[in-house]
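So you can see what is in the structure, the chains are spelled out below.
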Amino acid sequence: MTEFGSKELITIGVLARASGLTPSALRFYDDCGLLVPARVDGATGYRYYRESQCARAVMIRQLRGIGVPLEVISEILAGDAERATRLLDAHVLELRRRAEEAAVVAGTIKDTIGDTATGQTALSAATLAAAIDQVRSAAARTGEIPVLAGVLVEASAGSLTLTATDRYRLSTRTMAIGRSAADWSLVVDAGDLAAIGSWLREAEEVTVAPAAGALVVVADGSERRCRTIDDSFPDYRAMLASLAPVRTRVLVIRDRLLDMTEGYDGTILCSADATELALSRADGRTARLPVTLTGPGITLAFAAPTLSPAIRAALGPEIMLDIAAPDLPVLIRSATDGDLTTLVMPTAQPNSTGHKA
């Protein structure tokens, strides 16, 4: 019997049934380096595992089941029991904090569900303020194309969506709301929305409704009117639907990537391989960030002023970069929350002299 004899190994299907993971999940964890097969058939690509790997597979399933990030799982499984305990304790504390926040939001939603009497759309004022901050930075800062200086606000049964784009970046966020009497949409001046941010953060619940030439926002008995832009907003849904297939996905810690972009106005060269994302700036600053990569390695460049707001607005500690090609829009999403989606257009890559190619 050889080292990889059939009696010593089990198929991916057997491991899937024994561990509670799907075959696709096992293939993903192979790509991530968390659970590497004992053997891969060179002709068919089929994966084979040792029976002893079942315990590790079960632990990965349990950790992902409670939302532990992939990078932290890798550290927990590294074999240092004391560090693993500290990481698990820290994760449980974060879960408790998020559960308390969720309870507050859920209470607000329950209070508004079924409210169709006035035709207004009701939601948490803090949630709306956060969504405005996340989306409005993608609006154009000049009046070259007036409608792009606005934020598209769309209400439908059960959701309120805010979308903005300046042609180089697109951000869209959807929030749960109480039902309104009718669907409606307006393009609202991004500057007017920004101006009501501090007012919203002091309120508890807010209602929004369309009016002639304005979006009417009411909170705690007072009212604000945000001007509208009378023009057709680009069909962003068609844009998202027409994106090229993702070839490379990079999972990276959000704050570490943000640190390299904040306050910098030049180009950042990004090279991702199986283990890290190497970043370099024209001013000489570099960084190497640990990543989880799915697909082939890739190199692309971003204008920091375009990339930084997209990272800053992202939700959660980890973000995913879905990349089709170095010259096509990159989809930036939270690894744990699908409410906010941002598209960022890469820029030309600088050559060895620091000039753009």
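First, a word on what this report is: a plain description of the structure on this page. (Residues numbered from 1 in each chain as written. Predicted model: local features only at pLDDT ≥ 70, side-chain atom pairs only at ≥ 80, totals over all residues. Heavy atoms only, no water.)

1. Let's talk about helix H10 (residues 254-261)
Item 1. Looking only at H10, the buried set comprises Arg254, Leu257, Leu258, Met260 and Thr261. Along H10, the residues classed as buried sweep out an arc of 160° about the axis, all on the same side.
Item 2. Considering only its buried residues, H10 is in contact with strand S12 (248-253), strand S13 (267-272), strand S14 (276-281), strand S15 (286-294), helix H11 (304-313) and strand S17 (318-323).
Item 3. The positive-phi residue at the C-terminal boundary of H10 is Gly263, with phi of around 75°. (Buried < 20%, exposed > 50% of the residue type's maximum accessible area, 1.4 Å probe, protein only. Helix = DSSP H or I, 4+ residues; strand = E, 2+ residues; numbered from the N terminus. Arc of directions from axis to C-beta. Contact = heavy atoms within 4.5 Å.)

2. Quick notes on the sheet that holds strand S11 (residues 222-227)
Item 1. Read from one edge to the other, the open sheet built from 4 strands follows the order S4-S9-S10-S11, with strand pairing classed as antiparallel. A strand with exactly one partner marks an edge of an open sheet, and here the two such strands are strand S4 (121-124) and S11. Averaged over all adjacent pairs, the angle separating strand axes in this sheet is 25°, with direction ignored.
Item 2. Inspection of the sheet shows S4 paired to strand S9 (residues 205-211) by 4 bridges, in the antiparallel sense. (Pairing = 2+ DSSP bridges. Axes fitted to C-alpha atoms, helices over the stretch in contact; angles between N-to-C directions.)

3. Some details on the packing of aromatic side chains
Item 1. A complete count under the given rule lists 2 aromatic pairs for this structure.
Item 2. Ring geometry for Tyr46 and Tyr48: centres 5.6 Å apart, planes at 65°, overall edge-to-face.
Item 3. For Tyr46, a relative accessible area of 37% puts it in the partly exposed group.
Item 4. Over the aromatic face of Tyr48 sits the side chain of Arg39, whose NZ or CZ is 5.5 Å from the ring centroid.
Item 5. A cation over an aromatic ring shows up here: Arg224 above the ring of Trp199, its NZ or CZ 4.4 Å from the ring centre. (Phe/Tyr/Trp six-rings, centres within 6.5 Å; stacked < 30°, edge-to-face > 60°. Lys NZ or Arg CZ within 6 Å of the ring centre and 35° of its normal.)

4. Description of the side chain of Asp322
Item 1. Relative to the helices and strands, Asp322 resides in strand S17.
Item 2. Only 2.7 Å separates the side chain of Asp322 from the side chain of Arg333, close enough to count as a polar contact.
Item 3. The contact partners of Asp322, leaving out residues within four places of it in the chain, are Val246, Thr248, Arg249, Pro329, Val330, Leu331 and Arg333. (Polar contact = N/O pair within 3.5 Å; in protein donor to acceptor, adjacent residues only side chain to side chain.)

5. Topic: the environment of Ile60
Item 1. With respect to the helices, strands and loops of the structure, Ile60 is situated in helix H3 (residues 54-65).
Item 2. Along the backbone, Ile60 and Tyr29 are 31 residues apart, and their C-alpha atoms lie at a distance of 8.9 Å.
Item 3. Non-local contacts of Ile60, meaning those with residues more than four positions away in its chain, are made with Tyr29, Leu34, Leu35, Ile73 and Leu77.

6. Quick look at the side chain of Thr172
Item 1. Looking at the element boundaries, Thr172 is found in strand S7 (residues 169-176).
Item 2. Judged by relative accessible area, which is 9%, Thr172 ranks as buried.
Item 3. Engagement of the side chain of Thr172 in a polar contact is seen with the backbone oxygen of Leu162, the distance being 3.5 Å.

7. As for the packing of H10 against H11
Relative orientation and spacing of two packed helices are given, respectively, by the angle between their axes and the distance between those axes.
Item 1. At a closest axis distance of 9 Å, the pairing of H10 and H11 adopts a crossing angle of 150°. Overall, the two elements H10 and H11 adopt an arrangement that is roughly antiparallel. Helix-helix and strand crossings are classified by hand; for H10 and H11 the assignment is left-handed. Counted together, Arg254, Leu257, Leu258 and Thr261 of H10 and Ala304, Leu307, Ser308, Ile311 and Arg312 of H11 form the full contact between these two elements. (Parallel < 35°, antiparallel > 145°, perpendicular 65-115°, else oblique. Left-handed = near helix turned anticlockwise from the far one by under 90°.)

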